[in-house]
Amino acid sequence: MSENFCYKINLVKYKHTSKSQYIFVNGWCFSKNKSNLDYSLKINDKEYEFDFLPILRMDVFKKYKDFLDTNKVGFYVRVYPSEDVINSFILSVFDKDGNEQNLLSLDKDALDQIEDNCPIEFAIDSYEIDKTSNLAKVHGWAYSVDCEDISIQILDSNDKEVDSTIRIVNRTDLVDLHFIEEDRKACGFQISFSLLQGQKYYINFISKSSSKKVMLKKRTHSRIRLLRSYILNVNPENIKKAGIYLKRNGMKGFLKRLRYGVSPYTSNYSDWLLANRVSAKDLEIQESKKFSYAPKISVIVATFNTKESYLKDMIDSVVNQSYANWQLCIADGSTDDRVQKYIEENYSKEQRIQFTKLDDNYGIAGNMNKALELATGDYVGLYDHDDILELDCFYEIVSALQEYRYDVLYTDEDKLDDDTKKYVDPNFKPDYSEDLLRSHNYITHFFCVNKKLIDEVGGLRSEFDGSQDYDFIFRCVEKANKVHHIPKILYHWRMHMQSTAQNPESKMYCYEAGKKAIEAHYQRTGVQAKVEMMPKPYYGLYHTIYSTQDNPLVSILIPNMNHKDVLKTCIDSLYKVNNYKNFEVIIIENNSTEQEIFDYYDQLQEDHENIKVVKWEKEFNYSAINNFGAKFAKGDYLLLLNNDTEMIKPDALSEMLGCCMRPEVGVVGAKLLYADDTIQHAGVVIGFSGYAGHVFNGIGKDDLGFMMRAIINCNYSSVTGACLMTKKSIFEEVGGLDEKFQVACNDVDYCLKVREKDYLVVYDAFSLWHHYESKSRGYDDNNKEKMWRFNHEVEIFQKKWPEILANGDPYYNKNFRIENGPFVL
């Protein structure tokens, strides 16, 4: 410590390989007079530029809270020396009063002692042993700072390689922390192997030029330990390429704009936003950007007795955009001239603002159309008079238009609590989801449309006032060449007592108008369906019941081995609960050994003309069994159904069929509940643990899930095969289930094959079933044979579908860290 500063250096690393050289310092520091700090670095008495990343240190903040008004007192420092021989290294800090302190001073002897010549960086996050099954599991990550490929072995104490399975997983958390680049995120691993008690084991990382062997020691998985390992293992070359925005922004400028950042120990959204929004320096860089295609963006706003402070925030967030080719079109239907006077007094010199005072209040749609008449831009964006844009909103839109001239674009958004002035309730949206849009207006803001498309479909319609945007969005996406999603929070919807964001019951007519908007969409597109408003408290959510006209035959395929009682529960529900009668059941018998199941088969075929039992006499292979059963199917629609399921709602089958009969749909999945009525399945996202995962597993039957997606229909990349409906024609088109996937991955693989043909996969939240998972064949994590087979099939899956694993699931949002669990920032 010193008279003017409190500080501590936690770690110093000196990496020196044939291709890379850097010095890394981790620590914390603050000025006792609470002033902002600047840092300098010298190598061999020469000033050096360096990468500097401030970090949160809650431990320091708690200890010195009487001296601090921020917890961003930690730092990473990284420098890339050009000298082959380093004789001295000095890191210093300065405050605004000119006080100076050397934080770290190293001579050649000290540097020689810490020099590390191995290019392999790694972290063992956890090493767990299950003594019952004699299985060991290792989780972690590894890569070469010299950009060489890494292979991994498990070795015993005799250096003999141990048979193991390895699953590669993406580590977007490392990307988010600027430790690696996006194209190198597949550096995580999950390894399983069998062990002998008392034997020591090692993990061996091998690159072209080096290797690193480390003894495995049992440890408890710890998020804090994991994050500390990040601090100790940072990829220098990729940080250098990433060009940390904090370095560009400067320490003083950063701290002025970003007083509190996101902490790895908290999920506080407001902190996350402040840490991830565009910096002042980045805005400067964006302002100087010259696009080859630089369209004018016209933003249309209808004002009505708008509060002055809201008006200022709304206009200023347009005026201060980093992209300059815009136009703000304001149509004012206020009962007085206060809005007009305020704009004349404060923005008279801003030629890009077009204002018209209306002679009457034409309603929200009519007033917006008056604003639209002022628009001369190539694209038009819809904006509410009390909301706020992020300052890089237009820049991000125009950046996206460089790759393709999308007719429709939309961004993520959140809400600004007008009382607390905090940003809350983020809506991290998926890429365009037709079924989600038909369930509620998830697109809302910021919505930007090609002006030529608006000229074709027309403006906003007064008969839909309250949901005029919803109707307008439907008409635009129906005609759009493509709909593009920008996964960034670029719009803030202000919550106050008069807004629907704050008080949904204040404008019930809005939700009636929303129902009308969906119905009009169906009329235009020729869809036969009935739309229901969901009851309180689910305002703004809708349930579409699609027609099952002509009632086609559904062939239900049920693989089975023994377990008469389990199968009987399933079959009984199809006949006693189900209200859709045109179906057949094909039971694929697979090597049962109990006489009672064969007696039950005979009884079923005697009692029901629409039940057939066929025999699969080979070993268990879920894919092959269903492919075999499908050959006997007479229906145009197949329902793959586990024997341990039970229909809950009478319309569960007709719900799925109505969705599946739509020409654009290839697969429909149901909402499945465990016996205790918690959710087993409500959609599958690709990428979890290098494979896929159920996103709402374990929440209550009526729980909303993230942005209410557990209780409404929407699209996913996959649904579970435990209850999966598909068109027989599509099943045959894609070659059925891939028989390489005997137990696992077959349903996800099938859905991706169907998606590859441009069909939709739909999660139907209103088709309700129980799934008594693990009553028959379940995945047992502690069963060596099953675990080996599962991991092997995941390896096959990873080789077959590398693109979606690398790029991310389009129906998820890349802001969520998939390695941390569903919908976690």
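Here the structure is a predicted model, which is why all the values come from computation and not from measurement.

Undergrad: Even after reading the chapter, I still don't get the overall build of the protein, so can you show me in this structure?
TA: Looking only at helices and strands, the protein features 25 helices and 39 strands. The C-alpha radius of gyration computed for the protein amounts to 30 Å, which stays within 12% of the reference 28 Å derived for 825 residues, consistent with globular compactness. Taking the principal axes of the C-alpha coordinates as reference, the protein spans close to 95 × 90 × 50 Å. Within the structure as shown, the protein displays about 34900 Å² of accessible surface, and the carbon and sulfur contribution to it stands at 46%. If you average the places of the 103 positive and of the 124 negative side-chain charges in the protein, the two averages end up 3 Å apart.

Undergrad: Help me understand the sheet that holds strand 5 (residues 51-55) in this model?
TA: The strands making up a sheet associate through hydrogen bonds between their backbones, and the pairing can be parallel or antiparallel. Pairing is mixed across the open sheet formed by 5 strands, whose spatial order is 5-6-2-1-9. Either end of the sheet is taken by a strand with one partner, and the two such strands are strand 5 and strand 9 (115-116).

Undergrad: Before we go on, may I ask you to explain the sheet that holds strand 3 (residues 37-43) in this structure?
TA: Sheet architecture is open: 4 strands sit in the order 4-3-7-8, paired in antiparallel fashion. In this open sheet, the two strands that pair with only one neighbour each are strand 4 (46-47) and strand 8 (100-107). In this sheet, strand 4 lies alongside strand 3 in antiparallel orientation, the contact comprising 2 bridges. Pairing of Lys-42 across the sheet is with Glu-47, part of strand 4.

Undergrad: Just to check I follow, could you spell out the packing of helix 18 (residues 564-576) against helix 19 (residues 595-607) for this structure?
TA: Angle between the axes and distance between the axes are the two parameters that describe a pair of packed helices. One way to put it is that helix 18 packs onto helix 19 with a least axis distance of 10 Å and a crossing angle of 20°. In terms of axis orientation, helix 18 runs roughly parallel to helix 19. Across from Lys-564, Leu-567, Lys-568, Ile-571 and Asp-572 in helix 18, the residues of helix 19 making contact are Glu-596, Ile-597, Tyr-600, Tyr-601 and Leu-604.

Undergrad: When you look at the packing of helix 10 (residues 308-319) against helix 11 (residues 338-347) in this model, what are you seeing that I'm missing?
TA: The contact between helix 10 and helix 11 brings their axes to 11 Å, and the two run at 45°. As the angle between them shows, helix 10 and helix 11 are arranged oblique. The way helix 10 lies across helix 11 gives a crossing that is right-handed. For the pair formed by helix 10 and helix 11, the contact residues are Glu-308, Leu-311, Lys-312, Ile-315, Asp-316 and Val-319 on the first element and Val-339, Tyr-342, Ile-343 and Tyr-347 on the second. Looking at the contact of helix 10 with helix 11 residue by residue, the classes come out as 7 nonpolar, no polar and 3 charged.

Undergrad: For this particular structure, what's the right way to read the environment of Cys-660?
TA: One can find Cys-660 in helix 21 (residues 652-660). Looking at Cys-660, the relative accessible area reads 0%, which means it is buried. With residues near it in sequence (within four places) discarded, Cys-660 still touches Tyr-637, Val-665, Val-668, Met-725, Thr-726 and Lys-727.

Undergrad: Can you help me understand the pattern of salt bridges in this one?
TA: Once the charged atoms of two side chains with opposite charge are near each other, the side chains can pair. Summed over the entire model, instances satisfying the criterion amount to 32 salt bridges. Shared partners join several salt bridges into a network, and the residues in it are Glu-434, Asp-435, Arg-438, Arg-662 and Glu-664.

Undergrad: Would you take a moment to explain the packing of aromatic side chains for this structure?
TA: Aromatic rings in a pair are described by how distant their centres are and how their planes are angled relative to each other. The tally for this structure, following the rule as stated, stands at 46 aromatic pairs. The interplanar angle of 55° and the centroid separation of 5.4 Å between the aromatic rings of Trp-616 and Phe-628 together place this pair among those described as tilted. Of the two residues, Trp-616 is situated in the loop between strand 30 (611-615) and helix 20 (622-630) and Phe-628 in helix 20; the sequence distance between them amounts to 12 residues. Neither residue differs from the other here; Trp-616 and Phe-628 are each classed as buried. Plain terms: the ring middles of Phe-628 and Phe-632 are 5.2 Å apart, the flat faces sit at 75° to each other, and that makes the pair edge-to-face. Through a chain of ring-to-ring contacts, three or more aromatic side chains come together here, namely Tyr-269, Trp-272, Phe-428, Phe-688, Phe-696, Phe-706, Tyr-812, Phe-816 and Phe-823.

Undergrad: Can you help me understand the confidence of the model for the protein in this one?
TA: Atomic detail in the predicted coordinates should be set aside for any region of low pLDDT. Summarising the model, the protein shows a mean pLDDT of 87, and 90% of its residues fall at 70 or more. Contacts for the low-pLDDT stretch residues 220-267, under 50 throughout, to residues beyond four places or in other chains number 133 contacts. The low-confidence segment residues 775-782 (pLDDT under 50) makes 22 contacts with residues lying over four places distant or belonging to another chain.

Undergrad: Would you explain the pairing of strand 30 in this entry?
TA: Residues in a regular strand point their side chains to alternate faces of the sheet. As paired elements, strand 29 (residues 583-589) and strand 30 share 5 bridges and run parallel to each other. Paired with Ile-587 across the two strands is Val-613, which belongs to strand 30. Taken together, strand 29, helix 19 and strand 30 form a β-α-β motif whose crossover is right-handed.

Undergrad: Help me understand unusual backbone geometry in this model?
TA: Most peptide bonds take the trans form, and the phi angle of most residues other than glycine is negative. Looking along the chain, the bond that leaves His-445 and enters Phe-446 is cis, with omega of -10°. Cis geometry is found at the peptide bond from Lys-536 to Pro-537, where omega equals 10°. For Pro-537, the location among the structural elements is in the loop between strand 26 (529-533) and strand 27 (542-546). Positive phi, close to 45°, is recorded for Asn-551, a residue that is not glycine. Mapped onto the elements, Asn-551 comes out in the loop between strand 27 and strand 28 (554-560).

Calculation rules
Residues numbered from 1 in each chain as written. Predicted model: local features only at pLDDT ≥ 70, side-chain atom pairs only at ≥ 80, totals over all residues. Heavy atoms only, no water. Helix = DSSP H or I, 4+ residues; strand = E, 2+ residues; numbered from the N terminus. Rg over C-alpha atoms; globule rule 2.2 N^0.38 Å. Areas by Shrake-Rupley, 256 points an atom, 1.4 Å probe, with all protein chains shown as cover. Lys, Arg positive; Asp, Glu negative; His and termini not counted. Charge placed at Lys NZ, Arg CZ, Asp CG, Glu CD. Pairing = 2+ DSSP bridges. Axes fitted to C-alpha atoms, helices over the stretch in contact; angles between N-to-C directions. Parallel < 35°, antiparallel > 145°, perpendicular 65-115°, else oblique. Contact = heavy atoms within 4.5 Å. Left-handed = near helix turned anticlockwise from the far one by under 90°. Nonpolar A, V, L, I, M, F, W, Y, C, P; charged D, E, K, R; others polar. Buried < 20%, exposed > 50% of the residue type's maximum accessible area, 1.4 Å probe, protein only. Salt bridge = Lys/Arg side-chain N within 4 Å of Asp/Glu carboxyl O. Phe/Tyr/Trp six-rings, centres within 6.5 Å; stacked < 30°, edge-to-face > 60°. pLDDT = per-residue confidence, 0-100. Right-handed = clockwise from strand over helix to strand, strands pointing away.

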